[in-house]
Amino acid sequence: MMPRKPVKLMLLGCLCFVLPLWQGGAESFFLQTLRPKDARTMALGGTYGTTSRGYGTLYGNPAGFSLGKAQFATFSSLWIYAPLSEKNIHTLLGSGSKEENLHTLEEVLLSNGFGGGALAGLGISGNNLGLGITLITDNYGKGETGAPDPSWYSQTQGNFIIGMAVPLTIGSATLAIGGDVRPFFRIEGSTSATAFIQNFVAGGIPQVFTGMLDKEARFGVGLALDLGLLVQFDRFEMGLTVRDIGFPFPMGTVTYQETLQSFASLSLPRNKGSLTDSAQPIPEVNLGFRWAPYGVPGILEPLLLLEIQDPIPVFMDGASWWNLLHLGLEVKTLSFLSLRTGFNKGWISGGLALNLTFCTIEGAIFTEELGLQWGSQPRSGFSLTAALHF
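Please read all numbers here as calculations on a predicted model, not as lab measurements.

A. Representation of unusual backbone geometry. The phi dihedral of Asp234 is positive, around 55°, even though this residue is not glycine. Residue position: Asp234 is located in the loop between β7 (216-233) and β8 (236-246). Judged by relative accessible area, Asp234 falls into the exposed class, the value being 63%.

B. Molecular detail of the pattern of salt bridges. One pass over the structure, following the stated rule, counts 12 salt bridges. Here Glu107 makes a salt bridge to Lys87, at a shortest N to O gap of 3.7 Å. In this pair, Glu107 is assigned in helix α4 (residues 98-111) and Lys87 in helix α3 (residues 86-92), connecting sequence segments 20 residues apart. Residue classification places Glu107 among the partly exposed positions, given a relative accessible area of 38%. Residue class for Lys87 comes out partly exposed when judged on its relative accessible area of 49%. Put simply, Glu362 and Arg340 hold a salt bridge, and the shortest N to O gap is 2.9 Å. Taken as a pair, Glu362 in strand β16 (residues 359-369) and Arg340 in strand β14 (residues 337-344) lie far apart in primary sequence, 22 residues in all. Note on Arg340: relative accessible area 8%, which makes it buried.

C. Quick peek at empty space enclosed by the protein. Taken as a whole and assessed by the stated rule, the structure comprises 2 cavities of 30 Å³ or more. Reported here for the largest cavity is a volume of approximately 240 Å³. Residue lining of the largest cavity: 22 residues in total, with Thr33, Leu34, Gln157, Arg182 and Asp244 positioned closest to the centre. Elements represented by at least two residues in the lining of the largest cavity include exactly β4 (129-141), β5 (151-170), β6 (173-192) and β8. Across the lining of the largest cavity, the residue classes tally to 12 nonpolar, 5 polar and 5 charged. In this model, the second largest cavity occupies a volume close to 30 Å³. The wall of the second largest cavity is formed by Gly54, Tyr55, Leu58, Gln71, Ala73, Gly123, Ile124 and Ser125. Sorting elements by how many residues they give to the lining of the second largest cavity places strand β3 (residues 114-126) first, with 3 residues. Here the residues of the lining of the second largest cavity sort into 4 nonpolar, 4 polar and no charged.

D. Structural context of the layout of surface pockets. Of the volumes computed, that of the largest pocket is approximately 1300 Å³. Along its surface, the largest pocket is lined by 48 residues, and Gln32, Thr33, Lys345, Glu369 and Leu370 are the ones closest to its centre. Listed by contribution, the elements that provide at least two residues to the lining of the largest pocket are β1 (27-31), α2 (39-43), β4, β5, β6, α7 (312-316) and β16. Its boundaries defined by the atoms lining it, the second largest pocket holds a volume of some 1100 Å³. Arg40, Arg53, Arg290, Glu330 and Arg340 are the residues nearest the centre of the second largest pocket, which is lined by 49 residues in total. For the lining of the second largest pocket, the secondary-structure elements that each account for two or more residues are α2, β3, β8, β12 (300-309), β13 (325-333), β14, β16 and β17 (378-389). Looking at the lining of the second largest pocket element by element, the count peaks at 6 residues for β12. For the lining of the second largest pocket, the residue count by class is 17 nonpolar, 18 polar and 14 charged.

E. Summary view of the environment of Thr169. If you trace the backbone, Thr169 turns up in strand β5. Classification of Thr169 by relative accessible area gives exposed; the value is 65%. Considered as a pair, Thr169 and Lys98 are 71 residues apart in the sequence and their alpha carbons are 62 Å apart.

F. Expanded view of the packing of aromatic side chains. Taken as a whole and assessed by the stated rule, the structure comprises 16 aromatic pairs. Note on Phe114 and Phe200: the rings are 6.1 Å apart at their centroids and 70° apart in plane angle, and the pair reads as edge-to-face. Of this pair, Phe114 sits in strand β3 while Phe200 sits in helix α5 (residues 193-212), placing them 86 residues apart in sequence. A relative accessible area of 3% means that Phe114 is categorised as buried. We classify Phe200 as buried; its relative accessible area is 12%.

Analysis parameters
Residues numbered from 1 in each chain as written. Predicted model: local features only at pLDDT ≥ 70, side-chain atom pairs only at ≥ 80, totals over all residues. Heavy atoms only, no water. Helix = DSSP H or I, 4+ residues; strand = E, 2+ residues; numbered from the N terminus. Buried < 20%, exposed > 50% of the residue type's maximum accessible area, 1.4 Å probe, protein only. Salt bridge = Lys/Arg side-chain N within 4 Å of Asp/Glu carboxyl O. 1 Å grid on protein atoms, 1.4 Å probe; cavity = no way out; pocket = protein on both sides within 12 Å on 5 of 7 lines; lining within 4 Å. Points joined across faces, edges and corners; volume = space filled by probe spheres on them. Nonpolar A, V, L, I, M, F, W, Y, C, P; charged D, E, K, R; others polar. Phe/Tyr/Trp six-rings, centres within 6.5 Å; stacked < 30°, edge-to-face > 60°.

Everything listed is a geometric property; what it means functionally is a separate question.
Structure follows, in structure tokens:
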């Protein structure tokens, strides 16, 4: 167990880092949770956190730090919000003419919405400790026929995670309690969805990146706590997480170019004018179950996952009960190939993974519900993940 004094010093240091940035008199708004859309999560119906393993505990259940020996991992994911089809793949790769590619992406923008995101990180988890860095970005726009040019929204967050877990044995069951302290920065901005697509078709991601540099965005630095509970009994597990327990923090106006220049000089960007917005993270409560039925070791090993995620919108905003439900089924065959399917808020997902000695390669196709009611705003996409672990 980590001594109490270092833990207290860790908490005090994080508070000293964030609190000087606070200024009063700002308007408050709620900060949307930025979830990674890695391939494992999306293939298994969005079951992303309560019974996570390995590097997944850095953005999942911190009680999972108690599982196994310490393991170092570096990982990255890329996801695209567009139906997986040969036509869309050719368009994303720039294989067609500019006119054809522009027409295809405009159709996707209207029918599904278009965008994507990425996750990159590295860290150590296990032996009751978790330490890591993650960077998550998510970008999306959705058009409507006959409506004005829609906005393209961009959200990026960098996290530094330091946490610990305490395992306890109670009879034949194991109980683990974990938590982490997470200083983070957040930058949010928007631009014209049409302009984004035109830049993408003209020059790909580099052209999009260049076109965003002079755009203004909101930037701030905050502090959040994540808590987790994990109960293991034989081949059954129950996990509970409360993530994004945060303090209000100020967000001011900067440009993306100013932000990059500041990071390059190991400093924080200076806000233009007075701070006018105060961001408040919204705590998210998730409950999950994991069951590994008996199979044939090394040949056929099934795994079932169930999660009840974020019930607050159901009671406060009238969201459908379907929005709570996430199911996942994985069948590992021949010790290295995993076949996956899931049920994400009423929509089917699927994927597979290659589990090699020092690396994992995963893919997924998915549909998720963005609206309060099933079928009101579905969004389809695909995700790829690669990780090295030692």
